[in-house]
Amino acid sequence: GGIITQTPKFLIGQEGQKLTLKCQQNFNHDTMYWYRQDSGKGLRLIYYSITENDLQKGDLSEGYDASREKKSSFSLTVTSAQKNEMAVFLCASRPTISNERLFFGHGTKLSVL
Amino acid sequence: AQSVTQPDARVTVSEGASLQLRCKYSYSATPYLFWYVQYPRQGLQLLLKYYSGDPVVQGVNSFEAEFSKSNSSFHLQKASVHWSDSAVYFCALSPASSGSWQLIFGSGTQLTVMP
């Protein structure tokens, strides 16, 4: 079996700060995703990548950048943290081009002071 | 545009009672449908999935779901819940077309099982 590792688990930032979240997977999956989870709003797609160096915007991409320099890693940058922002960012991966299940990491919880 | 609606934000049931968590979807064709569960401080885990065929699908921990094309629904059910089933449950849809990578989630239902 494999695992998805998200770092850090908790991230505290200041308003206006640029913050980077990292995700590593050892499944050798092609496709990786970043979702944002807000209480009562479910999961919303920020970015996804179907292969190394590929980036596709989701519905919530404004205010974020992403990078997929290696097949195993997918990082997300909050370009300017918003005051009092609080959310959980979930990384996920999927094995093939078919519509198979996603595997999720445990999340990074972001708080902005 | 495709979407998933979970009309109940919170559901509370007693241990041993039966359970139904509702999910309605909007999509022009038959999608692939999933139920995921998120236990406290853990990542989402797949409970079950529907691709085609028998509309009743079995999942882990005695959960099952029934797909209804006429009602555009995919409700999750369990005959007898346990306190350890307390978690957040997400219904999700993936368009059944090649080259479609997105998984669209509902807003989730927080299930609390009372002892």
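Residues numbered from 1 in each chain as written. Chains lettered and ligands numbered in written order. Predicted model: local features only at pLDDT ≥ 70, side-chain atom pairs only at ≥ 80, totals over all residues. Heavy atoms only, no water.

Caption draft 1: Structural detail: the interface of chain B and chain A. In this complex, chain B contributes 23 residues to the contact, which on the side of chain A involves 21 residues. Summed over both partners, the interface of chain B with chain A buries about 1,800 Å², with 55% contributed by carbon and sulfur atoms. Where chain B touches chain A, the interface holds 0 salt bridges. Counting the contacts that link chain B with chain A gives 4 residue pairs in polar contact (both at pLDDT 80 or more). (Contact = heavy atoms within 4.5 Å. Buried area = accessible area lost by both parts, 1.4 Å probe. Salt bridge = Lys/Arg side-chain N within 4 Å of Asp/Glu carboxyl O. Polar contact = N/O pair within 3.5 Å; in protein donor to acceptor, adjacent residues only side chain to side chain.)

Caption draft 2: Structural view of the pairing of strand β8 (residues 64-68) of chain B. All names here are of chain B. The pairing of strand β7 (residues 56-58) with β8 spans 3 bridges and is classified as antiparallel. Bridged to V57 within β8 is A65. Hairpin geometry of β7 and β8 is characterised by an intervening segment of 5 residues between the two adjacent antiparallel strands and by a positive phi of about 55° at N61. Both β8 and strand β9 (residues 73-78) contribute to a ladder of 5 bridges, which runs antiparallel. Each residue of the ladder has a partner; that of F67, found in β9, is F74. Linking β8 back to β9 in an antiparallel pair, the connection comprises 4 residues, with S72 at a positive phi of about 50°. (Pairing = 2+ DSSP bridges. Helix = DSSP H or I, 4+ residues; strand = E, 2+ residues; numbered from the N terminus.)

Function cannot be inferred from these measures alone, as they are strictly geometric.
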